[in-house]
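One-letter residues, chain by chain:
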Amino acid sequence: MNSMIYIRTHYVNHTIEELFDLWSQVLPGRVRLLIDETAGVHDAGTMPKVSYSLDTLAAMGLPDLPKGKAMWHAGDYTMAALAPIMEPDEFAIVVENDAVPVLHDIEGWRDIVSQLAEGEIAFLNFNRRNPEWFWRNNLDAIYHKDEIWGCFMMVMGFTQLTAKRMTARRRQIADEIAKGLHTQWPHVEPFVATEAKRMALRLVDLDRLIPDLNQTCKVSDPYWWYAQPKGIARNTILHPVMQDRGRFLNKIENMIGRKLKVEYIASRLAPVLPLSPAEHTRFTGLVKEHLLLDSLDPILKPANTASSTN
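The model shown is predicted, which means the values in this text are computed figures rather than measured ones.

What counts and how
- Residues numbered from 1 in each chain as written.
- Predicted model: local features only at pLDDT ≥ 70, side-chain atom pairs only at ≥ 80, totals over all residues.
- Heavy atoms only, no water.
- Pairing = 2+ DSSP bridges.
- Helix = DSSP H or I, 4+ residues; strand = E, 2+ residues; numbered from the N terminus.
- Axes fitted to C-alpha atoms, helices over the stretch in contact; angles between N-to-C directions.
- Contact = heavy atoms within 4.5 Å.
- Parallel < 35°, antiparallel > 145°, perpendicular 65-115°, else oblique.
- Left-handed = near helix turned anticlockwise from the far one by under 90°.
- Nonpolar A, V, L, I, M, F, W, Y, C, P; charged D, E, K, R; others polar.

Below, the discussion takes up the sheet that holds strand 1 (residues 2–9). Sheet strands associate in pairs through backbone hydrogen bonding, adopting either a parallel or an antiparallel arrangement. Reading across from one edge, 3-2-1-4-7-6-8 is the order of the 7 strands in this open sheet, with mixed pairing throughout. Two strands close off the open sheet at either side, each with one partner strand: strand 3 (49–52) and strand 8 (203–205). When strand polarity is set aside, the average angle formed by the axes of neighbouring strands in this sheet is 35°. Summarising the sheet, strand 6 (residues 121–128) and strand 8 pair through 3 bridges and their orientation is parallel. In the sheet register, Phe-123 faces strand 8, and the bridge partner there is Asp-205. In the packing of helix 1 (residues 14–26) onto the sheet, contacts are made with strand 1, strand 2 (31–36) and strand 4 (90–96), and the angle to strand 2 comes to roughly 145°.

Turning to the environment of Pro-240, a few remarks are in order. Tracing the backbone shows Pro-240 in the loop between strand 10 (236–238) and strand 11 (241–242). Distance in space between the C-alpha atoms of Pro-240 and Thr-167 is 27 Å, their sequence separation being 73 residues. Apart from the residues within four sequence positions on either side, Pro-240 is in contact with Asp-98, Lys-218, Val-219, Ser-220, Asp-221, Pro-222 and Tyr-223.

In this section: the packing of helix 10 (residues 245–257) against helix 12 (residues 277–289). For any two helices packed against each other, one specifies the inter-axial angle together with the distance between the axes. Following both chains from N to C, one finds helix 10 and helix 12 inclined at 15°, their axes separated by 11 Å at the closest point. The angle between the axes of helix 10 and helix 12 places the two elements in the roughly parallel class. The two elements helix 10 and helix 12 cross, and the hand of that crossing is right-handed. Counting all contacts with helix 10, which are made through Arg-245, Leu-249, Asn-250, Ile-252, Glu-253 and Ile-256, the residues of helix 12 involved are Glu-279, Arg-282, Phe-283 and Leu-286. In terms of residue class, the contact of helix 10 with helix 12 is made up of 5 nonpolar, 1 polar and 4 charged.

Turning our eyes to something else, we now look at the packing of helix 10 against helix 11 (residues 262–269). Interaxial distance between helix 10 and helix 11 falls to 10 Å at its minimum, and their mutual angle equals 175°. By the criterion of interaxial angle, the relationship of helix 10 to helix 11 is roughly antiparallel. Residues Phe-248, Leu-249, Ile-252, Met-255 and Ile-256 of helix 10 touch helix 11, and the partners they reach there are Tyr-264, Ile-265, Arg-268 and Leu-269.

By themselves these figures say nothing about function.
Take a look at the structure:
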């Protein structure tokens, strides 16, 4: 299989350029942007791009469901976008624009990519989901409750044939909805994982190729884009990595609300200290609402007269 890396994004800026350069160290000349241009065309400069949109997907029989959220909810639409342009022997690796590789051993990374391409589909954190998993709710018209599997989608690899089969299955479910048979439009995580099991696809688990990947590649605990990874002396992926300060601090606030360990929160917050006065007021007020985290207060206090320039 000939591997190709596609960076899935809906915008182009300097961080996308940096991400493109990072992945290009792994597969020189075999990295492209996969850009959602529903809202308009983006200038990618010298970076090769593949464009898709809700209009191009609609022409393939794929609906905007849920309305206005299809590109996120049905993240497997990337398969439909790429299948027509893929070579029969190509293995496409789609990476999110907030999944950043840590490169210590380039040849080691190339070996990981090569092993991914030995399968028909690849992703991480693939397992049978428990009954409380949010995304398995209300799918009884499509799947038996005991057969629902899930995965994380920040990195996903697939062959052209897999892309065609998954797209055909999406269209089948869309047709059932259009005929009024049911209203169940599965989220990408249960959809691709459960269908992969149903189709008996040859699966490669990325977290088995990268030791302890789940320590650095999480659903919501953020990394700051401009921080050099410390204590990570191995090939891995960081996720989610953010360069928007406001969004990053919102994620930190969510971590506080979840009452994660203070030391863990502090390690994530450290790269953006000092806080601005307004940010300091916001976070000290939040800490006071969560007494179990009152030891965060000394970490924040030194910043109360500082201003942020990031």
